[in-house]
Amino acid sequence: MALFQIAEPDAPPQARERKRVVGIDLGTTNSLVATVRNRIPVVLPDEEGRVLVPSIVRYAEHGVEVGYDAMAQQSRDPQNTIVSVKRFMGRGLADVDDDRRFPYRFVESPGMLKITTRSGVKSPVEISAAILRALAERAEKQLGGPVEGAVVTVPAYFDDAQRQATKDAAQLAGLNVLRLLNEPTAAAIAYGLEHASEGVYAVYDLGGGTFDISILKLSRGVFEVLATNGDSALGGDDFDHRVFCWAIETGKLPPLSPADARQLLVKSREAKEMLTGHASAPIVAHLASGDEVNLDLKAETFADITQTLVQKTMQPVRRALRDAGLAPADIKGVILVGGATRMPRVRRAVAEHFGQPPLTNLNPDEVVALGAAMQANALAGNRDRDEDWLLLDVIPLSLGLETMGGLSEKIIPRNSTIPIARSQEFTTYKDGQSATAIHVVQGEREKVADCRSLARFELRGIPPMVAGAARINVTFQVDADGLLSVAAREQVAGVEASIVVKPSYGLSDEEIARMLQDSFAHATDDAAARALAEAQVEADRIADATRAALVADEALLDTAERRVIERALEVLAGARDGTDTQALRAAVEALNRATAEFAERRMDRSVKSALSGKRIDTLV
Amino acid sequence: MIDPSGNHFELFGLPATFRIDADALDDAYRALQAEVHPDRHAGGSDTDRRVALQSSTRVNEAYQALKDPIERARYLLALRGIDAFDETDTKLSLAFLESQLERREKAAHAADVDDIRALDAILAEVRGEMHKRQLELAALLDDASAVDRAKAAVRELRFLAKVAEDVGAMLASLD
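Conventions used here
- Residues numbered from 1 in each chain as written.
- Chains lettered and ligands numbered in written order.
- Predicted model: local features only at pLDDT ≥ 70, side-chain atom pairs only at ≥ 80, totals over all residues.
- Heavy atoms only, no water.
- Pairing = 2+ DSSP bridges.
- Helix = DSSP H or I, 4+ residues; strand = E, 2+ residues; numbered from the N terminus.
- Axes fitted to C-alpha atoms, helices over the stretch in contact; angles between N-to-C directions.
- 1 Å grid on protein atoms, 1.4 Å probe; cavity = no way out; pocket = protein on both sides within 12 Å on 5 of 7 lines; lining within 4 Å.
- Points joined across faces, edges and corners; volume = space filled by probe spheres on them.
- Nonpolar A, V, L, I, M, F, W, Y, C, P; charged D, E, K, R; others polar.
- Buried < 20%, exposed > 50% of the residue type's maximum accessible area, 1.4 Å probe, protein only.
- Contact = heavy atoms within 4.5 Å.
- Salt bridge = Lys/Arg side-chain N within 4 Å of Asp/Glu carboxyl O.
- Parallel < 35°, antiparallel > 145°, perpendicular 65-115°, else oblique.
- Left-handed = near helix turned anticlockwise from the far one by under 90°.
- Buried area = accessible area lost by both parts, 1.4 Å probe.
- Expected span 1.5 Å × (residues − 1).

Participant: I keep staring at the sheet that holds strand β21 (residues 407-412) of chain A and nothing clicks. Help me out?
Facilitator: Backbone hydrogen bonds are what pair the strands of a sheet, in a parallel or an antiparallel way. All names here are of chain A. With respect to topology, four strands assemble into an open sheet ordered β21-β20-β23-β24, the strand pairing being antiparallel. Only two strands of the sheet have a single neighbouring strand rather than two, namely β21 and β24 (452-459). Each neighbouring strand pair of the sheet contributes to a mean axis angle of 30 degrees, computed without reference to strand direction. Across five bridges, the pairing between strand β20 (residues 399-403) and β21 is antiparallel.

Participant: What should I look at first to understand empty space enclosed by the protein in this one?
Facilitator: Over the atoms rolls a probe the size of a water molecule, and its path tells where empty space is left. All names here are of chain A. With the rule as written, the count across this model stands at three cavities of 30 Å³ or more. Of the volumes computed, that of the largest cavity is approximately 140 Å³. For the largest cavity, the lining is made up of 16 residues, of which Arg179, Leu180, Asp393, Ile418 and Ala480 are closest to its centre. Mapped onto the lining of the largest cavity, the elements with two or more residues apiece are β12 (177-182) and β19 (390-392). In terms of residue count, β12 provides more of the lining of the largest cavity than any other element does, four residues in total. Each residue belonging to the lining of the largest cavity can be placed in one class, and the counts come to eight nonpolar, three polar and five charged.

Participant: How do you make sense of the environment of Gly236 of chain A when you look at a structure like this?
Facilitator: All names here are of chain A. Structurally, Gly236 is set in helix α5 (residues 236-250). Assessed through its relative accessible area of 4%, Gly236 is described here as buried. For Gly236, the residues in contact, after removing those within four places along its chain, are Gly207, Gly208, Gly209, Lys272 and Ala340.

Participant: Help me out: how do you make sense of the pattern of salt bridges in this one?
Facilitator: Residue and element names in this part refer to chain A. If you walk through the whole model with that rule in mind, you get 47 salt bridges over all chains. As a salt-bridge pair, Arg601 and Glu561 come within 2.8 Å of each other at their nearest N and O atoms. With Arg601 in helix α15 (residues 596-611) and Glu561 in helix α13 (residues 559-577), the pair connects residues that are 40 residues apart, well separated along the chain. With a relative accessible area of 23%, Arg601 lands in the partly exposed category. Using a relative accessible area of 27% as the deciding quantity, one classes Glu561 as partly exposed.

Participant: Any chance you could explain the packing of α5 of chain A against helix α7 (residues 299-312) of chain A here in plain terms?
Facilitator: Residues and elements named next belong to chain A. With their axes 10 Å apart at the nearest point, α5 and α7 run at an angle of 135 degrees to one another. One finds that α5 runs oblique with respect to α7. For the pair α5 and α7, the sense of crossing is right-handed. Residue-level inspection shows Asp238, Phe239, Arg242, Val243 and Trp246 of α5 in contact with α7, the latter providing Thr301, Phe302, Ile305, Thr306, Thr308, Leu309 and Val310. Per-class residue counts for the contact of α5 with α7 are seven nonpolar, three polar and two charged.

Participant: Sorry if this is basic, but what is going on with the pairing of β20 of chain A here?
Facilitator: Each regular strand shows side chains that alternate between the opposite faces of the sheet. Residues and elements named next belong to chain A. Count of turn residues in the β20/β21 antiparallel hairpin: three residues, of which Gly405 carries a positive phi of about 85 degrees. Sheet topology note: the β20/strand β23 (residues 436-442) ladder contains three bridges and is antiparallel. Bridge pairing links Leu401 to Val440 in β23.

Participant: Explanation requested: the interface of chain A and chain B in the structure shown.
Facilitator: How big an interface is tends to be reported as the loss of accessible area on association of its parts. Tallying the contact residues gives 35 residues for chain A and 28 residues for chain B. Of the roughly 2,600 Å² buried between chain A and chain B on both sides combined, carbon and sulfur atoms contribute 51%. Viewed at the interface, chain B and chain A are joined by three salt bridges. Put simply, Glu224 of chain A and Arg30 of chain B hold a salt bridge, and the shortest N to O gap is 3.3 Å. Element by element, the count of residues in the side of chain A that touches chain B is highest for α15 of chain A, at seven residues. Grouping the amino acids of the side of chain A that touches chain B by side-chain chemistry returns 17 nonpolar, five polar and 13 charged.

Participant: How do you make sense of helix α6 (residues 258-274) of chain A when you look at a structure like this?
Facilitator: Given 3.6 residues to a turn, an α-helix orients residues that are three or four positions apart in the same direction. An ideal rise of 1.5 Å per residue puts 24 Å on 17 residues; α6 of chain A measures up with 24 Å between its terminal C-alpha atoms. When α6 of chain A is considered as a whole, its buried residues turn out to be Asp260, Arg262, Leu264, Ser268, Ala271 and Lys272 of chain A.

Here's what the structure looks like:
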């Protein structure tokens, strides 16, 4: 009722419950946390006023150091100080093109590599969680209470394994993930809303370890991603490495120890950064080996040795434009994101390709976190009516299934707007075949071997039939986080199998349980007690709602269906009496699954009743 | 909340015709997503969020089906009980197939000698023919209800789209 809400023009907006939510840019090189304060997005600094948290984690003798503290020790303790861990998220050792380039003690592990540190073997998910925890603590201190929700950004070109790993890391850090948001899309929100822009924009995002290009249409409050492309293993780090190799070659250095290599890499990065404003930069280092480095890197030399890297970003740019059906001239503005876009050569290449100078009036380090904070605010329901916008994002890489002959049959093509679901029917190829293997892959290549394997699972219990008689329906559902779940159902007998895709990258349930235990060990008992109390409240809520629904809509269920739900209620009641939070959550989830079909039927009926003039609120 | 029982056209409040008001479709799509998108229900119960995911998925599916002319024609035929791309019936007219075969050979030759202008010309020609098929489809589906001829036209349109895609890929590889 608008009439009752007229406030005096100068009066502060009515105080209402605003949720403490944040946007987090979990970067390869640096991470940031931002929030919306008095309707303005701000990045949160530390006590010394620094907004960036170097994405560096050191497993020290006494505990874990994150950020500048870890950074200060990196040359002294390179094997226990992990930098650029984002490059390893959802990746196996085989994906790391030159593992000798890193001073770490890698451990091969199914799907995702691990690193041996003095505190034990750590996965990239655990290391990322340490960074996220540091950011959450910073936010909690400044917001005056626990963070209730977070939007965490990911490169647009991250595949399902990398996205899932990021979400796992956030959950491990105790964050309630409201949404995974693509970094270029976050930047477009921050830019577009600030400048009230309309038209088609390109976001060129060259970060520390990833490159994304997204083409977005902004109109009347809708951010519609038309196409996205990129390279999830190309970034500022690679420019540092080129300088590092140049220094070794030019300085005729012998093979370096991990500590010396890290020191020279740090100097290489400093030289690269200096060249943004200078014609040349010195690289001076006294190595532990006794070797002295004293070189002078000229801007032209730097441009020459990194030319191929700049060119490498242009192929995804062309592909994204082609997928969007647009020419460079159709682009109204190019938004630059990521610290690596400060390099003059990169700016020049972008300007040449699009025939216009890029937009640089936003801080390329902060724009993603700011956009994420705005989206977190919107998702939490904190926004006001005039801040109404909608994001329509896409899936970056096609999803498919392995078919006979090791080929990938695409089920959902890249650049499809999410959420999306697609079904495909398959059959058996042998008489009496009772099981079939389902192999889910992601990528554009024809051969399964060239795509990323996301998951394998089996549909068992197909009743004996002649070859070709079974009808196996496989449904892919991609949610608004860009995460995939797959369900398979044999239509004739109704056998079902479904999974949320995640096993291939190798986090087994035991591992997650161990990680959770590890993280609980750092937390206080209070946190565990609070988690249990919250789970109990949720359990009571859903149990009550289910019982009420069973009474109200008995007629919608047959006896067998009713028994399944009642059984799930009994299991939940058992878990409710215990103190095992995980078991209780699992029981809640099981009840949710058991009642999903029932809820849909009630929803359908409520719609039909509404159409026939009945009141909806008496039904739901 | 969307009505799950209606067809794609009813979902957007549009007449079930091949000729479509693209702006009205866009507007209706955006208005529906603004209501049902999971971002609008992020703070809801598990059931709310599941319904949002399903509804938003449904709206995306319907929009994709109506936006693309081939999919739209296929859907209109499906509403009349006809499977346009029935795999047991794959025939196309011989004259059509022959002319496409010839065209593909010409394109392959142009690609071999890096003749971008010739490829561009072929692509423009194919797109012109695709446009003509769409006008035919509008007449066959909306005015005449000649479903058999519409089925033939949409199959040719899909074939042409594949040719255009292949020529586009050749152009891209020369880039």
